[in-house]
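Here's the letter readout for the chains.
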Amino acid sequence: MHRESTIIEAGTSETFLKAIELTPVDPQIHDLAFEAVTQYVPWPKSYGGDMVAQAAAAMMQSVGADRALHSMHSYFMRPVDIGAVVRYEVEILRDGRGYSTRSVRGHQNGKTVFAAMGSFHVPESGPEFQSAMPATVDPESLRSAAQVLDGVPGPAAEYWAHGRSFDMRHIPGPVYIQVEGEAAPTQAIWVKAFDRLPDGPNLHRTALAYVCDYTILEPLLRVNNLNWSAPGLTTASLDHSIWFHRDGRADDWVLYTQEAVSGQHNRGLAMGRFFSREGLLLATVAQEGMVRGGA
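All of the points below concern the structure found in this document.

Quick notes on the rules
Residues numbered from 1 in each chain as written. Predicted model: local features only at pLDDT ≥ 70, side-chain atom pairs only at ≥ 80, totals over all residues. Heavy atoms only, no water. Buried < 20%, exposed > 50% of the residue type's maximum accessible area, 1.4 Å probe, protein only. Helix = DSSP H or I, 4+ residues; strand = E, 2+ residues; numbered from the N terminus. Pairing = 2+ DSSP bridges. Core = buried A, V, L, I, M, F, W, Y, C linked by side-chain atoms within 4.5 Å. Axes fitted to C-alpha atoms, helices over the stretch in contact; angles between N-to-C directions. Contact = heavy atoms within 4.5 Å.

This next bit is on the pairing of strand β5 (residues 99-108). Regular strands have side chains that alternate between both faces of the sheet. For β5, the buried fraction is high: seven of the 10 residues fall into the buried class. Across eight bridges, the pairing between strand β4 (residues 85-95) and β5 is antiparallel. Across the sheet, residue Val90 finds its bridge partner in β5, namely Val104. The turn linking β4 back onto β5 is made up of three residues. Sheet topology note: the β5/strand β6 (residues 111-121) ladder contains 10 bridges and is antiparallel. The residue of β6 that forms the bridge with Ser103 is Met117. The antiparallel hairpin formed by β5 and β6 contains two residues in its connecting segment, where Asn109 sits at a positive phi of about 55°.

Another aspect to go through is the nonpolar core. Nonpolar side chains in soluble globular proteins tend to end up buried together. Counting residues in hydrophobic clusters, the biggest one holds 66 residues, and the most contacted among them are Phe16, Met72, Tyr88, Phe114, Phe166, Tyr210 and Phe274. Considering each element in turn, this core owes the most residues, eight residues, to helix α2 (residues 48-60). One finds Leu142, Trp253, Leu255 and Leu281 within the second-largest nonpolar core, a separate group that totals seven residues.

Right, let's talk about the sheet that holds β5 for a bit. Spatially, the 12 strands line up as an open sheet ordered β1-β2-β4-β5-β6-β3-β9-β12-β11-β10-β8-β7, and their pairing is antiparallel. Two strands in the sheet have a free side with no partner beyond their single neighbour: β1 (23-25) and β7 (166-171). The mean angle between the axes of side-by-side strands here comes to 25°, regardless of whether they run parallel or antiparallel. Alignment of strand β9 (residues 234-244) against strand β12 (residues 281-292), held across 10 bridges, turns out to be antiparallel. Bridge pairing in β12 places Thr235 opposite Val291. Sitting on the sheet, α2 touches β2 (32-37), β3 (68-76), β4, β5, β6 and β9, and the angle it makes with β3 is about 135°. Against the sheet, helix α5 (residues 201-211) engages β3, β7, β8 (186-193), β9, β11 (267-276) and β12, with an angle of about 155° to β9.

Here it is in structure tokens:
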């Protein structure tokens, strides 16, 4: 069932909030099931963050309020239709005193399109350590995507500027239509939801899971002096992991530092870290993706 819309609501977080709306349905395979709709993008297949966030939200519905998602490991198995329903079947694998384990599979057009595992933990007191937040510039001193792409025609530029629910400001500069800055394996992005989001740590974890896929492959492009508009460039998310360390708000500025780890056989691995503006390490991301062409 398709519900595709090409209307972009400029400067709002409605795309994200609509993406994580879940409708409970009768399970066909496992213990619980929900349906969600992928959101408009100006490309042939839906945005991978839709599936990560939708699956995370579905798993969160299956555990008690005493425990929180601390890790999630996902595989993107098939392209997913845009503006169409995906059914998420959640399997309750284990509920222990301190940890719970869930699996979830996304189904569309009679096929499995996405699979993930998630682990939940009852918070405990204990010693803490974290990687230090790198020195950076203030987000207010950087150009927004809308400012960078002002006057650039086309649906891709319109989507990058307004359609992703989050204000994203690159350091040293974006790779939308050219590589701004050095062709290096590292970059950072200040990220903040356009609107104030509802309260609740689960929703803000889901927001980080949603937004992380937009740019995590960019260091692999940057190091090869490629931009998103390069003729013949094809990319796809293959697998994805995220670990949640501390609670934070995705409607406050969050620094997303990123590094290309390895590229080979038209595949590349990148790592990312989310820091609050105060320097708290909120989450760590690892993603492997396909990167072909663009030469």
